[in-house]
Amino acid sequence: MGTVNVIRVASRNKLSWYEKFYFYSIGKGLWITLKHFIKAAILRGAVTIEFPEKKRKYSTRFRGMHTMKRDEQGRERCTSCFCCMWICPADAIYIEAGEVSPEIQHLHPEDKFAKKFEIDLLRCIFCGMCEEACPKGAIYLDGPGEMATDNREDLILTKERMMQKIGGPIIGERN
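Residues numbered from 1 in each chain as written. Predicted model: local features only at pLDDT ≥ 70, side-chain atom pairs only at ≥ 80, totals over all residues. Heavy atoms only, no water.

A.B. asks: Honestly, the overall build of the protein in this entry has me stumped. Any pointers?
C.D. replies: What the protein contains, in helices and strands, is 5 helices and 5 strands. When the elements of the protein are put in sequence order from the N terminus, they spell out α-α-β-α-β-β-α-β-β-α. Looking at the protein residue by residue over its 175 residues, the buried ones come to 27%. Of the contacts made within the protein by residues no fewer than 6 positions apart, 71% connect residues no fewer than 24 positions apart. (Helix = DSSP H or I, 4+ residues; strand = E, 2+ residues; numbered from the N terminus. Buried < 20%, exposed > 50% of the residue type's maximum accessible area, 1.4 Å probe, protein only. Contact = heavy atoms within 4.5 Å.)

Next up, the structure:
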């Protein structure tokens, strides 16, 4: 029988004599509060943004809300292949497929279309895997970032809410 090497984690992170006191941690937290107070009260530097009047600047890598794209002829790109639904780690996407009939053939390039396409934003973790998995380039996370609402039903994105009004080519590469 062999020996097992046990690493003593508690002995690695020994606290210094002043860190053992409870008041050191309290003082450290109060110092941060005091810095914010001085910045807001005396220097008149706002810590928060007044949301409806001022919009926050997002970085170029920001993933916004989901949007569904149309092609150059204005047809829906989504062919209901279920790739985005299968790859979603949060299981936030629900797709119901439908057959394309001759009277709606001009709206869909393939023989299948997404009759129902929903994304539950309460479950979504905005990882972008649905965007990467889509072989047709139908779903992108490039919409607006504001999601404030007062009821849960508004946080379920339907196909009608996500779909672009006009189509066009996808410009550039996916981020």
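A.B. asks: Help me understand unusual backbone geometry in this model?
C.D. replies: Leaving glycine out, the prevailing phi sign among residues is negative, and the prevailing peptide bond configuration is trans. In this structure, Asp91 is a non-glycine residue whose phi angle is positive, near 55°. Within the secondary structure, Asp91 sits in the loop between α3 (83–87) and β2 (93–99). The exposure class assigned to Asp91 is exposed, which follows from its relative accessible area of 52%. Non-glycine residue Phe126 carries a positive phi angle of around 55°. Looking at the element boundaries, Phe126 is found in the loop between β3 (112–120) and α4 (129–133).

A.B. asks: Would you mind showing me how to read the nonpolar core here?
C.D. replies: Nonpolar side chains in soluble globular proteins tend to be buried together. Within the largest apolar cluster, 25 residues are counted, with the highest numbers of intra-cluster contacts made by Ile93, Ile95, Phe117, Ile119 and Leu121. The leading source of residues in this core is β3, at 3 residues. (Core = buried A, V, L, I, M, F, W, Y, C linked by side-chain atoms within 4.5 Å.)

A.B. asks: Sorry if this is basic, but what is going on with the packing of aromatic side chains here?
C.D. replies: Aromatic rings in a pair are described by how distant their centres are and how their planes are angled relative to each other. Tallied over the full model, the rule gives 3 aromatic pairs. Between Tyr22 and Phe23, the ring centres sit 6.2 Å apart and the planes meet at 65°, which makes this aromatic pair edge-to-face. Across the pair, Phe23 and Tyr22 agree in class, each one exposed. With centroids separated by 5.9 Å and ring planes inclined at 35°, the aromatic side chains of Phe82 and Trp86 adopt a geometry described as tilted. With a relative accessible area of 18%, Phe82 lands in the buried category. (Phe/Tyr/Trp six-rings, centres within 6.5 Å; stacked < 30°, edge-to-face > 60°.)

A.B. asks: What should I look at first to understand the sheet that holds strand β5 (residues 156–158) in this one?
C.D. replies: The pairing of strands in a sheet happens through backbone hydrogen bonds and is either parallel or antiparallel. The strand order across the open sheet built from 3 strands is β2-β3-β5, with neighbouring strands paired in antiparallel fashion. Lying at the two open borders of the sheet, with one neighbouring strand each, are β2 and β5. On average, each strand axis in the sheet is inclined to that of its neighbour by 15°, with strand direction left out of account. Alignment of β3 against β5, held across 3 bridges, turns out to be antiparallel. Across the sheet, residue Ile119 finds its bridge partner in β5, namely Leu157. (Pairing = 2+ DSSP bridges. Axes fitted to C-alpha atoms, helices over the stretch in contact; angles between N-to-C directions.)

A.B. asks: Sorry if this is basic, but what is going on with the pairing of β3 here?
C.D. replies: If a strand is regular, its side chains alternate between the two faces of the sheet. Strand direction decides the pairing type here: β2 and β3, joined by 7 bridges, are antiparallel. Pairing of Gly98 across the sheet is with Phe113, part of β3.

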